[in-house]
Amino acid sequence: GASTEIVVTIDVGASVRVDVRDDGVGFDPAGRPCTSSFGLVSMEERALSLGGHLTIESAPGQGTVVRFECPALPRAVDDATA
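What counts and what doesn't
Residues numbered from 1 in each chain as written. Predicted model: local features only at pLDDT ≥ 70, side-chain atom pairs only at ≥ 80, totals over all residues. Heavy atoms only, no water. Core = buried A, V, L, I, M, F, W, Y, C linked by side-chain atoms within 4.5 Å. Buried < 20%, exposed > 50% of the residue type's maximum accessible area, 1.4 Å probe, protein only. Helix = DSSP H or I, 4+ residues; strand = E, 2+ residues; numbered from the N terminus. Contact = heavy atoms within 4.5 Å. Pairing = 2+ DSSP bridges. Salt bridge = Lys/Arg side-chain N within 4 Å of Asp/Glu carboxyl O.

**Student:** It is not clear to me how the nonpolar core should be interpreted in this structure. Could you clarify?
**Tutor:** One recurring pattern in soluble globular proteins: nonpolar side chains tend to sit buried together. Judged by nonpolar contacts, L40, A47, L54, I56, V66, F68 and C70 together constitute the single largest core of seven residues. Breaking this core down by element, the ones donating at least two residues are α1 (38-49), β3 (53-58) and β4 (64-71). Looking at this core, the element that brings in the most residues is β4, giving three residues. Beyond its immediate chain neighbours, meaning those up to four positions away, F68 contacts V16, R17, V18, A47, L50, H53 and L54.

Pasting the structure below:
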């Protein structure tokens, strides 16, 4: 059935990494039809546009982990406080 737990982990250092893990039914990422996964395709494109990548780890009956990682972007300097 549906997920009973979703865990989001965010780690920021030289890179930004976000993991979203659930304990749902899972699926075969290699077998996902391209036409029915526009949400995943959109997330992959956004990750690439930031110089990063998106990985999906899942298997039927094993839940899913979606991991986004990209380089940390430098903060803009506020001229008023410099």
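Here the narrative resumes, following the displayed structure.
**Student:** Sorry, what's going on with the pairing of β4 here?
**Tutor:** Regular strands place side chains that alternate from one sheet face to the opposite one. Of all eight residues in β4, six are buried, a share of seventy percent or more. Strand direction decides the pairing type here: strand β2 (residues 15-22) and β4, joined by eight bridges, are antiparallel. Within the sheet, the bridge partner assigned to R17 lies in β4 and is E69. As defined by bridge partners, β3 adjoins β4 across six bridges and the pair is classed as antiparallel. Of the residues in β4, the one forming a bridge with S58 is T64. Hairpin remark: β3 followed by β4, antiparallel, with five residues in the connecting loop; positive phi at G61, about 80°.

**Student:** Help me out: how do you make sense of the environment of L48 in this one?
**Tutor:** The topology assignment puts L48 in helix α1. L48 sits in the exposed class, given a relative accessible area of 59%. Residues L48 and F68, spaced 20 residues apart in sequence, show a C-alpha to C-alpha distance of 9.9 Å.

**Student:** Help me out: how do you make sense of the pattern of salt bridges in this one?
**Tutor:** Note that side chains of opposite charge can pair when their charged atoms are close. Throughout the structure, instances matching the rule amount to three salt bridges. A salt bridge links D19 to R17, with the shortest nitrogen-to-oxygen separation between them at 3.2 Å. With relative accessibility at 10%, the residue D19 sits in the buried group. Relative accessible area serves as the criterion here: at 31%, R17 is assigned to the partly exposed category. With a closest N to O distance of 2.8 Å, R67 and D19 form a salt bridge. With R67 in strand β4 and D19 in strand β2, this pair connects stretches of sequence that are 48 residues apart.

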